Amino acid sequence: MKLSNLNSILILAVSFLKFSSAQKNLDASPLIISSNSEFGGAIEGASVDVNGEMFATNFDAKSFEIGRITPSQSLYHTSTSIGTSFNGIRFIPLTKSQVEQGIKSVAFLANPKENQIAKIVEDKDGNIVQSVFCKDKTLFLPNDVAFSYDNSKIYISAQNFTDDTVIGDGGLWICDGKSGEIIQLESLGRTNGVEVSPNETTLYLSEAFNKGGKVISNKIWKFNIDKGTGKVSNQELFVDFEKLDGTQAVDIDGMRTDIDGNLYVTRNGEGQVVVFSPKGSILSRIKLSSIIKTTNLEFGGKDGKTLFIVGACKDDDTKGCVDTIQNDIPGRAFSALKSLNGKS
Ligand SMILES: *[C@@H]1O[C@H](CO)[C@@H](O)[C@H](O)[C@H]1NC(C)=O
Ligand SMILES: *[C@@H]1O[C@H](CO)[C@@H](O)[C@H](O)[C@H]1NC(C)=O
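None of these values were measured; they are calculated from a predicted model. (Residues numbered from 1 in each chain as written. Chains lettered and ligands numbered in written order. Predicted model: local features only at pLDDT ≥ 70, side-chain atom pairs only at ≥ 80, totals over all residues. Heavy atoms only, no water.)

**Some details on the overall build of the protein**
Across its full length, the protein holds four helices and 25 strands. Principal-axis analysis of the C-alpha atoms places the extent of the protein at approximately 80 × 45 × 40 Å. Expressed as a percentage of its 344 residues, the buried residues of the protein come to 56%. By sequence separation, contacts in the protein at least 24 residues apart represent 50% of the contacts at least 6 residues apart. Entry remark: accessible area of the protein is about 14,700 Å², with carbon and sulfur atoms responsible for 53%. Of the side chains in the protein, 36 bear a positive and 41 a negative charge, and the two mean positions are spaced by 4 Å. (Helix = DSSP H or I, 4+ residues; strand = E, 2+ residues; numbered from the N terminus. Buried < 20%, exposed > 50% of the residue type's maximum accessible area, 1.4 Å probe, protein only. Contact = heavy atoms within 4.5 Å. Areas by Shrake-Rupley, 256 points an atom, 1.4 Å probe, with all protein chains shown as cover. Lys, Arg positive; Asp, Glu negative; His and termini not counted. Charge placed at Lys NZ, Arg CZ, Asp CG, Glu CD.)

As structure tokens, this is what we get:
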């Protein structure tokens, strides 16, 4: 065999390998559609509890109501203040003594209209007590929250959606999950999706800019997390959608990781979720069935492997829709809740 032939065969083999490892195109299925939805078009804050049950905001189309998505749609909590607008939600593991007291669940919720993070505690009879948990003069319009279980820290994104975004229209805050002490860590363009890697060494944060009322940039940054203090350093570009696929005008919204550290990113306006490996390469694109304005997502179900994606319905944007897709590995939040609940 001539060397040049061998070369062509090698090239063919390499391109085949490249092709076969390329991104997958997947399709989500509708779970809640406009005709049976009890959620409004501003549905947000998909979140999971220890039982794999799913929640979201904008139940009854009210920004101050949280509803259950599963086992069936129902009202979960109404804010004590109707000035509330709930957005990102995270349930956290209960302590041993909370379990002994019969407490059912504890969650942190971003409340942008009142510039604070609220805490809700559900007792054994299903009564929920709400309090203001993280609030200081630096925190404005909190958008989403992520949680680091090892050192009990809440990471908070924020966005002031101005026509011409400037540094300071968003940022990153850290709030102690035990004391509620809050510190601003970064001042940025408007920030939205925020998530922690399963080994809790990496924080992902999205940042977007507007110019003349148009969205012109969407990026995901990654930071190293200091295991002791929870503070972040080493801001590094993870994905720039302009360079990746020219979709810099499509907003990044909620982001979640699975237990292997893959990052699931909603694109609000494209009806799509893009899945990245921890190295930043695209693993798959998930096309949504009933949603274009995709706001958030979370893994739930009894094994934590069902990805629930929420957003305004494609055919009626006054209603909130939910799509699902089965994954082969569970989400990070569900797995952490399962393994840590009642342990310390
Ligand atoms: C958002 O930005 C506008 C324009 O700069 C400013 O007037 C407003 O006070 C900001 N809102 C908040 C909550 O920071
Ligand atoms: C921790 O997770 C990040 C992101 O998933 C990954 O890049 C890194 O290699 C992991 N570190 C270790 C020590 O496993």
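From this point, things continue past the structure.
**Section: the sheet that holds strand β3 (residues 47-48)**
Sheet strands line up and pair through hydrogen bonds in the backbone, either parallel or antiparallel. Reading across the sheet, the four strands line up as β3-β4-β5-β6 and stay open at both edges, with antiparallel pairing between neighbours. The open sheet is flanked by β3 and β6 (74-78), the only strands paired with a single partner. (Pairing = 2+ DSSP bridges.)

**Thoughts on the site of ligand 1**
Around ligand 1 sit Leu-141, Asn-160 and Thr-162, and those are all the residues in its vicinity. Summarising the interface, the protein chains cover 35% of the accessible area of ligand 1, which totals 360 Å² for the free molecule. (Near = heavy atom within 4 Å.)

**A closer look at the site of ligand 2**
All residues in the neighbourhood of ligand 2 are listed as Ser-197, Asn-199, Thr-201, Thr-202, Tyr-204 and Pro-278. At 2.5 Å from an oxygen atom of ligand 2 is found a side-chain nitrogen or oxygen belonging to Asn-199. Contact with the protein chains removes 46% of the 360 Å² of surface that ligand 2 exposes when unbound. (Polar contact = N/O pair within 3.5 Å; in protein donor to acceptor, adjacent residues only side chain to side chain.)

**Quick notes on the side chain of Thr-306**
Mapping Thr-306 onto the fold places it in strand β24 (residues 306-313). Residue class for Thr-306 comes out buried when judged on its relative accessible area of 13%. Of the polar contacts made by the side chain of Thr-306, one reaches the side chain of Gln-326; its length is 2.6 Å. The residues touching Thr-306, leaving out its near neighbours within four places in the chain, are Glu-298, Phe-299, Gly-300, Thr-324, Ile-325 and Gln-326.

**Observations concerning the pattern of salt bridges**
One pass over the full model with this rule turns up 15 salt bridges. Among the salt bridges present, the one from Lys-153 reaches Asp-176, with a minimum N-O distance of 2.7 Å. Here Asp-176 lies in strand β13 (residues 170-176) and Lys-153 lies in strand β12 (residues 153-159), a separation of 23 residues in the sequence. Each of the two residues, Lys-153 as well as Asp-176, counts as buried. Residue Arg-332 pairs with Glu-200 through a salt bridge whose shortest N-O separation is 2.9 Å. (Salt bridge = Lys/Arg side-chain N within 4 Å of Asp/Glu carboxyl O.)

**Topic: the confidence of the model for the protein**
The predicted coordinates should not be examined in detail at positions where pLDDT is low. Of the residues in the protein, 94% have a pLDDT of 70 or more, and the chain-wide mean is 95. Scored below 50 in pLDDT, residues 15-20 makes zero contacts in the model with residues more than four places away or belonging to other chains. (pLDDT = per-residue confidence, 0-100.)

**Here we look at the pairing of strand β18 (residues 232-240)**
The pairing of strand β17 (residues 214-225) with β18 spans six bridges and is antiparallel. Directly across from Asn-224, in β18, lies its bridge partner Ser-233. What sits between the antiparallel neighbours β17 and β18 is a turn of six residues, in which Gly-230 has the positive phi angle 85 degrees.

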